[in-house]
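Residue-level listing of the chains:
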Amino acid sequence: INIRMRFNQTGDESYFGGLMELAQMITMIGVILTGTAVLREKERGTLEHLLVLPVRASSILLSKIFANVTVMLVCIVLSLYFVVENWLGIPFNGSIPLYLTGAGIYMFSATAIGVFLALAVRSTQEFGLLCLVVVMPMLILSGVMTPIENMPWFLRAMMSVLPSPHFVKFTADVGFRGADFAIV
């Protein structure tokens, strides 16, 4: 067997784990943060107040999504710099602006899932239970804990529809391999 470790010469497990955990936290926080923001408006009755204003419903939801995406992008930059690179000592080989662009695009899909789940339930407790059923399999089958190649064909087909495996691959390509915009 010829083993090649081009992107992790030391074979350190934390090298892969640190950046992949960041990708999973982006997914989880994106879904939960936006979902709870919309759900709080719905529970308090202020969502109905917003809907009777001369503003379209899409503008209200996009403002919630933009605010959460902005906060998350700032947190991603701080996490990459302070936790991943300085505290864990994992070098980020790619372009941080490219990664933030991809993470921002991905955050729109993750926050849209959170808004959809929040509008499907009546309370925060139901939202938490629904997140266990929807978000946890999305995280477990995203390619971080189990490689996509080792999954049965029907799971691979199901996961190809969701955005999380594509973001995990994007994170690995940019973070480990230093892929540029043309490759991504």
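Residues numbered from 1 in each chain as written. Predicted model: local features only at pLDDT ≥ 70, side-chain atom pairs only at ≥ 80, totals over all residues. Heavy atoms only, no water.

Novice: Would you take a moment to explain the overall build of the protein chain for this structure?
Specialist: Regarding its fold elements, the protein chain presents seven helices and zero strands. Beginning at the N terminus, the succession of helices and strands in the protein chain can be written as α-α-α-α-α-α-α. Every one of the 184 residues in the protein chain was classed for burial, and the buried ones make up 39%. For the protein chain, the accessible area works out to roughly 10,700 Å², and carbon and sulfur atoms hold 68% of it. (Helix = DSSP H or I, 4+ residues; strand = E, 2+ residues; numbered from the N terminus. Buried < 20%, exposed > 50% of the residue type's maximum accessible area, 1.4 Å probe, protein only. Areas by Shrake-Rupley, 256 points an atom, 1.4 Å probe, with all protein chains shown as cover.)

Novice: Can you help me understand a nonpolar patch on the surface in this one?
Specialist: A surface patch of nonpolar side chains, amounting to about 730 Å² of accessible area, comprises Val74, Leu78, Tyr81, Phe82, Val83, Trp87 and Leu88. The residue Leu78 is located in helix H3 (residues 57-87) in this model. Leu78 gets classed as partly exposed once you look at its relative accessible area, which sits at 43%. (Patch = residues over 30% accessible without salt bridge, like charges linked within 9 Å, V, L, I, M, F, W, Y side chains within 5 Å. Salt bridge = Lys/Arg side-chain N within 4 Å of Asp/Glu carboxyl O.)

Novice: Help me understand the nonpolar core in this model?
Specialist: As a rule of thumb, soluble globular proteins bury nonpolar side chains together. Formed by 41 residues in total, the largest nonpolar core has its most connected members in Ile26, Val31, Leu80, Tyr99 and Phe167. Contributions of two or more residues to this core are made by helix H1 (13-44), H3, helix H4 (96-120), helix H5 (124-140) and helix H7 (164-175). Among the elements that make up this core, the one with the highest residue count is H4 (eleven residues). Setting aside its immediate chain neighbours within four residues, Leu80 contacts Leu19, Leu22, Glu85, Phe92 and Tyr99. (Core = buried A, V, L, I, M, F, W, Y, C linked by side-chain atoms within 4.5 Å. Contact = heavy atoms within 4.5 Å.)

Novice: What exactly am I supposed to notice about the confidence of the model for the protein chain here?
Specialist: Within the protein chain, residue pLDDT values average 84, and 92% of them lie at 70 or more. Within the protein chain, the lowest mean pLDDT, 71, falls on helix H2 (residues 46-51), and the highest, 90, falls on H4. (pLDDT = per-residue confidence, 0-100.)

Novice: Sorry if this is basic, but what is going on with the layout of surface pockets here?
Specialist: Empty space among the atoms can be located by rolling a probe the size of a water molecule over them. Each pocket or cavity is described by its volume, and for the largest pocket that value is around 470 Å³. Looking at the largest pocket, it is lined by 20 residues, and the ones nearest its centre are Phe16, Gly143, Val168, Ala172 and Arg177. Mapped by element, the contributors of at least two residues to the lining of the largest pocket are H1 and H7. Residue contributions to the lining of the largest pocket peak at five residues, all from H7. The residue inventory of the lining of the largest pocket, partitioned by class, reads twelve nonpolar, four polar and four charged. (1 Å grid on protein atoms, 1.4 Å probe; cavity = no way out; pocket = protein on both sides within 12 Å on 5 of 7 lines; lining within 4 Å. Points joined across faces, edges and corners; volume = space filled by probe spheres on them. Nonpolar A, V, L, I, M, F, W, Y, C, P; charged D, E, K, R; others polar.)

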